[in-house]
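# Close look at the chain arrangement
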Amino acid sequence: MNKNNLILYIGILSFGIAAPFLFPAFKVQLSILCVLIILATTWNIQGGEMGYNSFGNILFYGLGMYLCASVQVGMFFPLAEWTESGGEKTFVHTPAQFFQGMAVGLLVAAVVPTIVAGLIGYSILGLRGHYFAICTLGLGVAAGEISGGIEIIGAGQGFTTPPFPDVGNLESRGEFFYFLSFIVLILTFIAVRGIYSTRFKLILNAIRDNEDKAEAMGIQTMKYKIVGWMISAFFCGLAGGIMGGLVGYIDSTDVAFDGREMGVFMVLMAILGGKGTLWGPIIGATVFHIFKEGFWTFFLGWQYVALGVLIVVIVIYFPEGIMGWLREKYPERFGEVVDEKDRKAQVELK
Amino acid sequence: MDFLVFQYPMISVQACLDGILLGILFALIAYGMALQWGVMNIINIAQGDLVILGGYIAYFMYLYGIHPAWGVIVSPIIMFFVGIAIYKLVINKVVDRDLFISILATFGISILFMQLMNFAFGADVVLANSDYGTTMLFNNNVVLPNSKIFSAFISILFAICLVIYMKKSKLGRAIRATAQNARAAKILGVDTEKVYAATFGINAALCGVAGALISITFTIHPYMGLPYTIRSFMIVIIAGLGNLPGVAMSGMGLGVFEEFADYILGTEFRIGSVFLLLVLILVYRRFKLSRKREYLK
């Protein structure tokens, strides 16, 4: 790590800590931004680095959301009666119960999706290319439809997560969720950065570039693919658990297994920033979130139309993303040696 | 309600007949999917939304007092031009690219269409009433709406017309040549750009027919597109590209499966079971192929 990087990291960290006090009105938006960055970064592990474009990470996100909330409720109160009473506050969590439940809930929300990813990984990751994409899309939507029919987690009418306990300070809810998501974001970043500096990343890239050849070179591709997907699932589950508490209400198809929104958003954010880079998804998620909130405010009602157009434009005209564009423009900054002769020859070829 | 199917055998007959009539409709949509997939090598997620848009055209004719069955003729004509417009704006830029790009781009179109239809027609579930009455079979134990029989008949008619057109006409031959080898077709003087546009237009027109029939027989809603896309995708991967009898058979099979899932699991799990079936079929094929160290391409 050189000096410039250190300054950058310290700058971002101090901004992250100061942000909720600098912009107190945007605390919820900042927390959502953190969650979006986590989703985009972890999608990038198997979407960008491994080349397995999944629409199905929403499965782990939604699973984490339901699990975290159910554990938080189920640890202290009967779950069925809680969902039965809907939004009515017949049961009230004490602060100790709330935080205890949240901690256990997040743990479960991270571990169970990881196990699920490991279990289904062997069958699903044997598919390649667009079959994998469509199959995972099917998984995500099927999970939404099926969870919408299960009574104990609220079925079609939704599931209210435990309200934040009264600890004297009105601001504390926003601050708690912001710092929770920010800490998870930092952990995610450290983990992903660690992964990207090991041989594991090179293996993932080999799988992306030519899976058959990688296999012929003696790499057990299936093992690495499953591990890559499990890492994604771990952080997606955590992000889902936080988001459930933040939104306060879980609906099967509109909040949890929202394949049409969140499921596409994470792909889009990673592509917008640049697939297969460390910083790409982070930049992409930030830019996307700012754009999206702008749309939501100024084009109220037309936001999905704008979103559809945005997807088409990004995918067609900007498939390399911001990082890819920068890389083409300033290859020296990315440590690439450019041979002037070679470049000229390529221009002439075009 | 749960296990009525096993207690009253007549319900099984009902479900089978319903499923077959429904499946013929699915097969028509899937045929369009197979056509564009084979010729242009794109997967169109917006397929279902084109179907729903076609349905709304028929519904609007119904609102203005024209019999919705005429939608079967009007809707494909309008949808053909909608399809060509989509091709010119978006699809021609993704034809030669990675399949995933086409999936994402058409996903964008799908979201766009969904929301535009929601604005234009409202979020209500609607149907165009055709007043065709019903047919009773087997001592009045099995009830079949005539509109379903009509829709199956029209679907078969359109499919036969299309097959003959693809076999005999010049454009049909050009489309088949492009599907086999786009480069060679280009060298031999086929304007592939035009062929692609026509293919997408024909696909949209097929969606228009299917949509008009769905608005008569079932209900339409702006957000109901995605299941139709998944169904047609599923039918195509079971049958394979360019296998019309296979498409028809697997379409009917899917229809019957859905009706039974509806009776046995309950209506709320109907769409979920379709999506789950897709996953299961893909996984089954993956294991079958991996025995020969191959994978789905």
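Residues numbered from 1 in each chain as written. Chains lettered and ligands numbered in written order. Predicted model: local features only at pLDDT ≥ 70, side-chain atom pairs only at ≥ 80, totals over all residues.

### What to know about the overall build of chain B
A tally of regular secondary structure across chain B gives twelve helices and two strands. Seen in sequence order, chain B has helices and strands lined up from the N terminus as α-α-α-α-α-β-β-α-α-α-α-α-α-α. Its C-alpha atoms give chain B a radius of gyration of 19 Å, near enough to 19 Å, the size a compact globule of 297 residues would have. With the principal axes as the frame, chain B shows a C-alpha extent of 65 × 55 × 35 Å. Evaluated residue by residue, chain B yields a buried proportion of 49% over its 297 residues. Relative to all contacts within chain B whose residues are 6 or more apart in sequence, the contacts with residues 24 or more apart total 75%. (Helix = DSSP H or I, 4+ residues; strand = E, 2+ residues; numbered from the N terminus. Rg over C-alpha atoms; globule rule 2.2 N^0.38 Å. Buried ≥ 20, exposed ≤ 12 C-beta atoms within 10 Å, placed from the backbone. Contact = placed C-beta atoms within 7 Å.)

### Overview of the overall build of chain A
Across its full length, chain A holds 16 helices and two strands. Compactness check: chain A gives a C-alpha radius of gyration of 21 Å against a globular reference of 20 Å for 350 residues, within 12% of the reference. Overall size of chain A, expressed as C-alpha extent along the three principal axes, is 75 × 45 × 40 Å. Within the span of chain A, comprising 350 residues, buried residues form 45% of the whole. Once local pairs closer than 6 in sequence are excluded, the contacts in chain A between residues at least 24 apart make up 82%.

### Things to note about the environment of His 67 of chain B
Its location among the elements puts His 67 of chain B in the loop between helix 3 (47-63) and helix 4 (71-89). Sequence-wise, His 67 of chain B and Asp 131 of chain B are 64 residues apart; in three dimensions their C-alpha atoms are separated by 9.3 Å.

### Thoughts on the interface of chain B and chain A
On the chain A side, the residues contacting the 34 residues of chain B number 33 residues. Only helix 5 (99-121), helix 10 (225-239) and helix 12 (270-290) of chain B provide two or more residues apiece to the side of chain B that touches chain A. Per-element accounting of the side of chain B that touches chain A gives the leading share, 13 residues, to helix 5 of chain B. Broken down by class, the residue content of the side of chain B that touches chain A amounts to 27 nonpolar, four polar and three charged. (Nonpolar A, V, L, I, M, F, W, Y, C, P; charged D, E, K, R; others polar.)

### Side note on the packing of helix 6 (residues 146-168) of chain B against helix 7 (residues 170-180) of chain B
All names here are of chain B. One way to put it is that helix 6 packs onto helix 7 with a least axis distance of 5 Å and a crossing angle of 80°. Our classification of the angle between helix 6 and helix 7 gives roughly perpendicular. On helix 7, the residues touching Tyr 165, Met 166, Lys 167 and Lys 168 of helix 6 are Gly 172, Ile 175 and Arg 176. For the contact of helix 6 with helix 7, the per-class residue count stands at three nonpolar, one polar and three charged. (Axes fitted to C-alpha atoms, helices over the stretch in contact; angles between N-to-C directions. Parallel < 35°, antiparallel > 145°, perpendicular 65-115°, else oblique.)

### Things to note about the packing of helix 3 of chain B against helix 5 of chain B
All names here are of chain B. Between helix 3 and helix 5, the shortest axis-to-axis distance is 10 Å and the interhelical angle comes to 20°. Of the possible angle classes, the one that applies to helix 3 and helix 5 is roughly parallel. Helix-helix and strand crossings are classified by hand; for helix 3 and helix 5 the assignment is left-handed. In this structure, helix 3 uses Asp 49, Ile 52, Leu 53 and Tyr 56 to contact helix 5, whose residues at the interface are Ser 110, Phe 113, Met 114, Met 117 and Phe 121. Residue composition of the contact of helix 3 with helix 5, grouped by class: seven nonpolar, one polar and one charged. (Left-handed = near helix turned anticlockwise from the far one by under 90°.)

### Digging into the environment of Ile 164 of chain B
Tracing the backbone through its elements, the reader meets Ile 164 of chain B in helix 6. Along the backbone, Ile 164 of chain B and Asn 41 of chain B are 123 residues apart, and their C-alpha atoms lie at a distance of 23 Å.

### What to know about unusual backbone geometry
All names here are of chain B. Residue Asn 41 is not a glycine yet carries a positive backbone phi of 55°. Of note, Asn 41 is situated in the loop between helix 2 (9-40) and helix 3. A count of 18 C-beta atoms within 10 Å places Asn 41 in the partly exposed class.

### Describing the environment of Ile 20 of chain B
For Ile 20 of chain B, the location among the structural elements is in helix 2. Taking the C-alpha atoms as reference points, Ile 20 of chain B and Ala 248 of chain B, separated by 228 residues in sequence, lie 9.7 Å from one another.

### Here we look at helix 12 of chain B
Look at helix 12 of chain B: 30 Å from first C-alpha to last across 21 residues, which is about the 30 Å you get at 1.5 Å a residue. Of all the positions in helix 12 of chain B, only Ile 271, Gly 272, Ser 273, Val 274, Phe 275, Leu 278, Val 279, Leu 282 and Arg 286 of chain B are classed as buried. On the buried face of helix 12 of chain B, the contacting elements are helix 5 (95-124) and helix 6 (129-147) of chain A together with helix 10 and helix 11 (244-265) of chain B. (Expected span 1.5 Å × (residues − 1).)

### Describing the confidence of the model for chain B
On average, chain B scores 84 in pLDDT, and the residues at 70 or more come to 97%. Under the prediction, the complex receives an ipTM of 0.83, its pTM being 0.86. (pLDDT = per-residue confidence, 0-100.)

### Quick notes on helix 8 (residues 199-209) of chain A
All names here are of chain A. What helix 8 keeps buried is the set Ile 203, Leu 204 and Ile 207. The buried residues of helix 8 all sit within an arc of 100° when viewed along its axis, so they share a single face. For helix 8, the exposed residues set more than 90 degrees away from the buried face come down to Arg 199 and Asp 209. The inward-facing, buried residues of helix 8 abut helix 2 (27-49), helix 9 (211-216) and helix 10 (221-247). (Arc of directions from axis to C-beta.)

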